[in-house]
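Residue strings, one per chain:
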Amino acid sequence: MAEGQIRQSLSGFYDVMTDSGRLVRTRARGNFRNRKITPLVGDRVVIDAPNDHEGYILEVKPRRNSLVRPPVANVDQAIVATAVRQPAFSTNLLDRQLLALEIADIEPVIYLTKTDLLTAAEQTEFAGIAAAYRKIGYQVVYTAEPFSAVALKEVDDLLTGKVSVIMGQTGAGKSTLLNHVAPDLKLATGEISAALNRGKHTTRRVQLLAVAGGLIADTPGFSSYDTFSMDARSLGKYFREFRRASVDCRFRGCVHVNEPGCAVKALVESGDILQSRYDNYLQLYQTLKNQKPNYRKSEK
Ligand SMILES: Nc1nc2c(ncn2[C@@H]2O[C@H](COP(=O)(O)OP(=O)(O)O)[C@@H](O)[C@H]2O)c(=O)[nH]1
Ligand SMILES: [Mg+2]
Ligand SMILES: [Zn+2]
């Protein structure tokens with residue numbers, strides 16, 4: 001028996017790094033499937049490992065948190081790679097990703113990619129967007145020159161000693177960024193990566209890569225249409241600046257839509273809360289309100 005961490009899952013096999021530094025290929029024991037426990041990369045597990053090629057997972061330790069996309073547990077933070085161009089920047093997609101992470105209780109860090117594709121005027125615009133998200137309370141890595149020493153140092157420092165995931169749309173530049181942080185990785189990027197994914201959708205590999213003294217999962221993509229289900233009235237607490245402002249709303253339980261004396265709406269009016277955040281909030285609020293309870297999938 002040994003304890004360790006799942007570093008990779010592939011076709012029903014889980015590669016576990018034991019605390020004594022052995023990498024053991026394991027399978028989950030039958031009774032896990034019966035109890036509907038699917039081991040996740042990042043899980044702390046107890047294994048029975050007579051040798052390095054065939055072990056069994058006996059127990060999955062309680063998780064601190066977990067994500068569905070990518071399927072990783074016990075995550076300290078998520079780097080949200082967001083392209084300013086190619087694919088086009090969307091506050092809606094960014095806010096949805098931030099929401100997913102707030103629900104999962106995982107700290108987001110926003111990394112703006114492809115900044116070299118911006119004109120000087122657009123650079124100024126994005127510096128403003130970066131500042132606005134910092135004001136909300138998110139760390140934002142934004143430099144006019146992509147992969148500048150400053151930006152890479154910031155990422156390096158972030159990763160050290162932590163379990164991270166990098167998420168973002170296909171083509172956002174996730175793999176390219178990781179290759180810059182750790183050139184040894186040689187992750188496939190662009191066309192090559194897309195071709196590999198097309199041929200491989202039956203064998204979804206999830207793995208934690210050792211980078212900058214930490215571990216990070218690179219993931220093949222994020223769907224902008226991932227849905228959330230929760231009571232619409234709870235949505236506001238996952239928008240940090242709304243949650244802070246709401247203590248000044250006239251009504252307890254204000255959902256910041258039609259209520260008089262709403263402090264959130266006042267801050268949108270005064271320009272202290274981004275109009276785009278409010279618009280994205282309203283859209284999500286309506287979607288959640290229109291969900292029929294019977295059709296709701298369980299939360300997370
Ligand atoms: N101009 C520019 N292109 C980039 C940048 N980062 C990545 N790319 C390109 O964008 C494409 C997608 O990058 P990739 O890392 O595979 O994206 P992923 O799907 O998020 O892993 C590749 O062709 C990269 O060369 C950047 O900062 N500037
Ligand atoms: Mg990639
Ligand atoms: Zn309000």
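Check the entry above for the structure.
The sections below set out a description of the structure shown in this document. This one's a predicted model, so the numbers in the text were calculated from it and none came from an experiment. (Residues numbered from 1 in each chain as written. Chains lettered and ligands numbered in written order. Predicted model: local features only at pLDDT ≥ 70, side-chain atom pairs only at ≥ 80, totals over all residues. Heavy atoms only, no water.)

**Details of the pattern of salt bridges**
Phase 1: Within this structure, the stated rule accounts for 16 salt bridges.
Phase 2: In this structure, Arg 25 and Asp 15 form a salt bridge, with 2.8 Å as the shortest nitrogen-oxygen distance. Here Arg 25 is found in strand E3 (residues 23-28), whereas its partner Asp 15 is found in strand E2 (residues 13-18), with 10 residues between them in sequence.
Phase 3: If you follow the salt bridges from partner to partner, you end up with Glu 3, Asp 19, Arg 44, Glu 59 and Lys 61 in one network. (Salt bridge = Lys/Arg side-chain N within 4 Å of Asp/Glu carboxyl O. Helix = DSSP H or I, 4+ residues; strand = E, 2+ residues; numbered from the N terminus.)

**Looking at helix H3 (residues 120-136)**
For an α-helix, 3.6 residues make a turn, and residues three or four places apart therefore share a direction.
Phase 1: With 17 residues, H3 extends 25 Å from end C-alpha to end C-alpha; this agrees with the ideal 24 Å at 1.5 Å per step.
Phase 2: Taken together, the buried positions of H3 are Gln 123, Phe 126, Ile 129, Ala 130, Ala 132, Tyr 133 and Ile 136.
Phase 3: Looking at the packing, one finds that the buried side of H3 touches helix H2 (91-104), strand E9 (107-113), strand E10 (139-141), helix H7 (240-245) and helix H9 (275-290).
Phase 4: Positive phi appears at Gly 137, one or two residues downstream of H3, with a value of about 125 degrees. (Expected span 1.5 Å × (residues − 1). Buried < 20%, exposed > 50% of the residue type's maximum accessible area, 1.4 Å probe, protein only. Contact = heavy atoms within 4.5 Å.)

**A closer look at the site of ligand 1**
Phase 1: Close to ligand 1 lie 15 residues, the nearest being Asp 116, Gly 171, Lys 174, Thr 176 and Gly 190.
Phase 2: Here an oxygen atom of ligand 1 and a backbone polar atom of Gly 171 are 2.8 Å apart.
Phase 3: Here ligand 1 loses 76% of its free accessible area of 580 Å² to cover by the protein chains.
Phase 4: Take the shell around ligand 1: its biggest share by element is three residues, from helix H5 (residues 174-181).
Phase 5: In terms of residue class, the shell around ligand 1 is built from four nonpolar, eight polar and three charged. (Near = heavy atom within 4 Å. Polar contact = N/O pair within 3.5 Å; in protein donor to acceptor, adjacent residues only side chain to side chain. Areas by Shrake-Rupley, 256 points an atom, 1.4 Å probe, with all protein chains shown as cover. Nonpolar A, V, L, I, M, F, W, Y, C, P; charged D, E, K, R; others polar.)

**Comments concerning the packing of H2 against H9**
Phase 1: Contact pair H2 / H9: the axes reach a minimum separation of 10 Å and the direction vectors enclose 65 degrees. Here H2 lies roughly perpendicular to H9, going by the angle between them. Considering how the two elements wind past one another, H2 and H9 form a crossing that is right-handed. Facing Thr 91, Asn 92, Asp 95, Arg 96, Leu 98 and Leu 99 of H2, the residues of H9 in contact are Ser 276, Arg 277, Asn 280, Gln 283 and Leu 284.
Phase 2: By residue class, the composition of the contact of H2 with H9 is three nonpolar, five polar and three charged. (Axes fitted to C-alpha atoms, helices over the stretch in contact; angles between N-to-C directions. Parallel < 35°, antiparallel > 145°, perpendicular 65-115°, else oblique. Left-handed = near helix turned anticlockwise from the far one by under 90°.)

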